[in-house]
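A closer look at the structure
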Amino acid sequence: MSFMPVMLWSDALVFLIIAVLLASAFVIRRRAHLLLPWRRVANSRMAMVSLLILSLFVLVGWLDTLHFRAALPAQNSLGKVYSTEVLSVFDVLVTPLRTHTEKTYSAPFALTLFAKESFTDAEGQVRRDYPRLQFGGAHLSDEAQRGRDVLQRASLGGLAGLLIGILACVAWAYLPRRSGQSLAQRCPIYALVSVLLTTTLLGAVCNLATVYHVLGTDKVGIDVLYLSLKSIRTGLIIGTVTTLVTLPLALFLGVAAGYFRGWVDDVIQYVYTVLSSIPSVLLIAAAVLMMQVTIDTHPHWFATSASRADLRLVFLCLILGMTSWTGLCRLLRGETLKLREMEYIQAAQAFGVSDLRILSRHIIPNVMHIILIAVVMDFSGLVLAEAVLSYVGVGVDPSMISFGTMINGARQEMGREPMVWWSLAAAFWFMLVLVLAANLFADAVRDAFDPRMNRT
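Residues numbered from 1 in each chain as written. Predicted model: local features only at pLDDT ≥ 70, side-chain atom pairs only at ≥ 80, totals over all residues. Heavy atoms only, no water.

Description of a nonpolar patch on the surface
Keep this limit in mind: The residues that make up patches have over 30% relative accessible area and no salt bridge, and they are joined within 9 Å when like-charged or within 5 Å when they are Val, Leu, Ile, Met, Phe, Trp or Tyr. Only the protein chains shown count as cover for residues, and all accessible areas are computed by the Shrake-Rupley method using a 1.4 Å probe. When a carboxyl oxygen of Asp or Glu lies within 4 Å of a side-chain nitrogen of Lys or Arg, that pair is called a salt bridge. Secondary structure follows DSSP: runs of H or I at least 4 residues long count as helices, runs of E at least 2 residues long count as strands, and numbering of each begins at the N terminus.
Judged by side-chain polarity, Trp-263, Val-267, Tyr-270, Val-271, Val-274 and Ile-278 come together as a nonpolar surface patch covering roughly 630 Å² of accessible area. Considering the arrangement of structural elements, one finds Tyr-270 in helix α10 (residues 262–277).

Set out below in structure tokens:
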């Protein structure tokens, strides 16, 4: 299949973050004092289980970041013409989920639509009944067969996932190990159990999703499982790209205020005190609405609707970063004020070492643990912020799939009878797992980098 790669603004920022992480990992591996806290994290059971779950979310988000436009069938002699729809590698891998759309709502594992419709039967009489789904359970002739079929497919898929997990564990166990590292240390029991349970669950869900709508469908018949998986990328981008804006502001201003003091400290304190006094939701809403007006008045800027929605997403990350750096700035200012009075800093000043060198060699390296802890712990808050902002209508573009837009679309259906609950439930559980895993991993990182903790 011919295609044209597409690089959105958010894609470029994601690749920038990956490059920074790889460079950081390379530096950490070459310095024992930096590697030691991460080894403590690796020895934490909760941290490793949380990291396994986070890795699955990150994998889905990364596959959904590789975008392209497919070539349309050639017509006349116009050459190659590409579709205006921007797809991703993830969309290709889950093509059945993306293309198997129904007419409207259907419950999880249902064989019929959720609402009755009028239709004419073979005898010419008008009847009112629940129409069969076009794709969900279409291989079954009778609804009585559903329970047995679901159990059978879940068992086969779970068994296949279990075998894949076993092979992965065996391959990991026999990779080259460090000297003195036993097999039990390389593959602890809790890690094996976590991997096998995860692969078994994924295998069962994947096998069921090929013939059923596991989490039902939404108002326009799109599979809710597909929408939930597509929402992961939006949440991850909000949580990570915002950091690119927050870190430079908080680091530069916080360290400068604590080290130089005087009028520099007064000005920076005044700035973040005033910014903290402004309701963040109102500030974000005003900025997003102004950005939306600019986008609406310049449609020629965008070749596709995806690039239009992506620009709003990047701008939302920028606004969130501009309004969320104050807390970290306060922490860094306080830590720098304490470090400035240390003996080795005063000795460097007495020997005439420049302020820039003191900041780069002594101050900033000694506040990096605060930065790392704050970034990891703020990630979950940013993911939840996107959901809240999209729910009130000032978040991502309505055409972009996110947890917030799923909740916003489901709120009107919660009051109907019978209630359409599965869209809200799916968004809730996916967000819960993502945020809970991030919080547990953040706790382990905090304990590993906290100098007050007992060291073994």
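Continuing now.
Description of the side chain of Thr-104
Threshold: We define a polar contact as two N or O atoms separated by no more than 3.5 Å, with the added condition that, inside protein, one atom must be a possible hydrogen donor and the other a possible acceptor, whereas residues neighbouring each other in sequence contribute only through side-chain atom pairs. Throughout, a contact is declared for two residues whenever any of their heavy atoms are within 4.5 Å.
Examined against the element boundaries, Thr-104 turns out to sit in the loop between α5 (95–99) and β4 (117–120). Among the polar contacts listed, one links the side chain of Thr-104 to the backbone oxygen of Lys-219, at a separation of 3.0 Å. Ignoring anything within four residues of it in the chain, the contact list for Thr-104 reads Leu-113, Thr-217, Asp-218, Lys-219, Val-220 and Gly-221.

Some thoughts on the pattern of salt bridges
Rule in force here: Buried means the residue's accessible area, taken with a 1.4 Å probe over protein chains only, is under 20% of the maximum for its type, while exposed means over 50%, and partly exposed covers the values in between.
Per the counting criterion, the structure on display carries 11 salt bridges. For the salt bridge of Asp-64 with Lys-230, the shortest nitrogen-to-oxygen distance reads 2.9 Å. Residue Asp-64 is located in the loop between α3 (45–63) and β2 (67–71), and its partner Lys-230 is located in helix α9 (residues 224–260); the two are separated by 166 residues in the primary sequence. Judged by its relative accessible area of 3%, Asp-64 is buried.

Overview of the side chain of Asp-218
Test applied: In this tally, Asp and Glu contribute negative charge and Lys and Arg positive charge; neither His nor the terminal groups of the chain are included.
When you line up the elements, Asp-218 lands in the loop between α8 (189–209) and α9. Salt bridges are absent for the buried Asp-218, whose nearest opposite-charge side chain, Lys-219, sits at 9.9 Å. Setting aside residues up to four positions removed in sequence, Asp-218 forms contacts with Thr-104, Tyr-105, Val-224, Leu-227 and Ser-423.

What to know about the sheet that holds β2
Paired through their backbone hydrogen bonds, the strands of a sheet run either parallel or antiparallel. Keep this limit in mind: Being paired, for any two strands, means DSSP has found at least two bridges between them. Helix axes use the C-alpha atoms of the stretch in contact, all axes being lines fitted to C-alpha atoms, and the angles between their N-to-C directions lie in the range 0 to 180 degrees.
Taken in spatial order, the 3 strands make up an open sheet running β1-β2-β3, and their pairing is antiparallel. Two strands bound the open sheet, and with one partner strand each, they are β1 (3–6) and β3 (82–88). With strand direction ignored, the average angle separating the axes of adjacent strands in the sheet is 30°. In this sheet, β2 lies alongside β1 in antiparallel orientation, the contact comprising 4 bridges. Within β2, the residue paired with Val-6 across the bridge is His-67.

Looking at the environment of Thr-246
If you trace the backbone, Thr-246 turns up in helix α9. What makes Thr-246 buried here is its relative accessible area of 10%. As a C-alpha pair, Thr-246 and Ala-286 span 40 residues in sequence and 20 Å in three-dimensional space. Among all residues touching Thr-246, those that are not within four sequence positions of it are Gly-321, Ser-324 and Trp-325.

Keep in mind these values describe shape, not function.
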